[in-house]
Amino acid sequence: MITLLTALYLEAEPFIQYFQLKKTNTLKEFQLFVGNDIQLLITNPSSISAAISFTQLICTQSFTPHDLFLNIGICGCENTNYPIGSIFLCNQILDSTTQMAYYPDILYQHPFPEASLITVPIQKIQKKEKPFYIENKPESSSAHNISLYDMEASGLYQAGITYLKQHQMLFLKIISDYLTPEMITKEKLSSLLSQALPSLLSFILTLLKRSAPEQIMITEEEGALLHSIAETFCFSVTMTEQLKQLFLYGKTLQLPIYQYYSNSFYLFIEQKSSQKEQIHFTKKEGKQYLEQLKQSITSHVSSHLCRNKSTFSP
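Described below are features of the structure shown in this document. (Residues numbered from 1 in each chain as written. Predicted model: local features only at pLDDT ≥ 70, side-chain atom pairs only at ≥ 80, totals over all residues. Heavy atoms only, no water.)

If you trace the backbone, Ile146 turns up in the loop between strand S8 (114–119) and strand S9 (147–150). Separated by 32 residues in the primary sequence, Ile146 and Glu114 have C-alpha atoms spaced 9.5 Å apart. Excluding residues within four positions of it along the chain, Ile146 makes contact with Cys77, Glu78, Tyr82, Phe88, Ala115 and Ser116. (Helix = DSSP H or I, 4+ residues; strand = E, 2+ residues; numbered from the N terminus. Contact = heavy atoms within 4.5 Å.)

Below you can see the structure in the form of structure tokens.
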């Protein structure tokens, strides 16, 4: 099953028509359209509304680890070098309110350039005033000098990650304006979506035909390393699970992830020893280590995918 998530009915309408989806009253507060292998939820604009509607959907249906959720919608762009109508797959989501960064796993081959997406609580953004800046963004040749802006993705990700795996959520955004949303009309929006529809449908249909990702196992040696890291940094159960999922992600990509984890871990231990401090990490240091690990590996993965786009086949 693939669930499409759009903020507006105008964004949803082309997919409703193509897949002949029928409206259901399962969710009273939000519009849900269903078909055989596709369903579509209109979340309404804003991060809060998106989080509430997505949570309601997940809690009222049974999903498997192989089900996918695609957020598709328009966005603003700060870089005028990218044409209106360009489609991007987002490899990083930044929340302008909390200043937190999230990294969706992209496990399937796709034809779109990748970019960072910033979720803001207001529709209008001044070009000269960026909500915030986070260093160490994942770098790739397709993501240089571009940030996209929307109002929903962060809420969707935060709600979804409570119940789903990172790779189950994909975020596709279509540039509609250069941070001048007041200039968008219904006619322009419909035209943009019509132009983007063939590429989006091709990707969705490819995902429907995909095979489930092969099950990746953790060896005894790898498990021992993960246990040592979690124990040393006093990770909670949730943090330990994040550590494991990040490891499996890198292993799925056939990266030298064990070596990377090992080198990173013992480097931290060595730095602590050189400071003549007792090898004991606080909970805050553990969170910082995990976040650095996430960002470093995500950057490493982005570079890897740019060098070898054929790593994954649907």
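Let us now look at the nonpolar core. Judged by nonpolar contacts, the single largest core of 34 residues is most densely connected at Leu4, Phe15, Leu40, Leu70, Leu172, Leu200 and Ile204. At the level of elements, strand S1 (2–6), helix H1 (9–18), strand S4 (38–42), strand S5 (68–77), strand S6 (87–95), strand S10 (169–177) and helix H4 (186–208) are the ones that each hand at least two residues to this core. Ranked by the residues each element gives to this core, the list is headed by H4, at nine residues. If sequence neighbours within four positions are ignored, Leu4 has contacts with Phe15, Ile38, Gln39, Leu40, Leu41, Leu70, Ile72 and Ile204. Formed by 30 residues, the second largest nonpolar core is a distinct cluster that contains Phe69, Ile93, Ile146 and Leu148. (Core = buried A, V, L, I, M, F, W, Y, C linked by side-chain atoms within 4.5 Å. Buried < 20%, exposed > 50% of the residue type's maximum accessible area, 1.4 Å probe, protein only.)

With that settled, consider the packing of helix H2 (residues 47–60) against helix H3 (residues 153–160). Across the interface, H2 lies against H3 with an axial gap of 7 Å and an inter-helix angle of 30°. The hand of the H2/H3 crossing is right-handed. Contacts between H2 and H3 involve Ser47, Ala50, Ala51, Phe54, Thr55 and Ile58 on the former and, on the latter, Ser154, Gly155, Leu156, Ala159 and Gly160. Class assignment for the residues of the contact of H2 with H3 results in six nonpolar, five polar and no charged. (Axes fitted to C-alpha atoms, helices over the stretch in contact; angles between N-to-C directions. Left-handed = near helix turned anticlockwise from the far one by under 90°. Nonpolar A, V, L, I, M, F, W, Y, C, P; charged D, E, K, R; others polar.)

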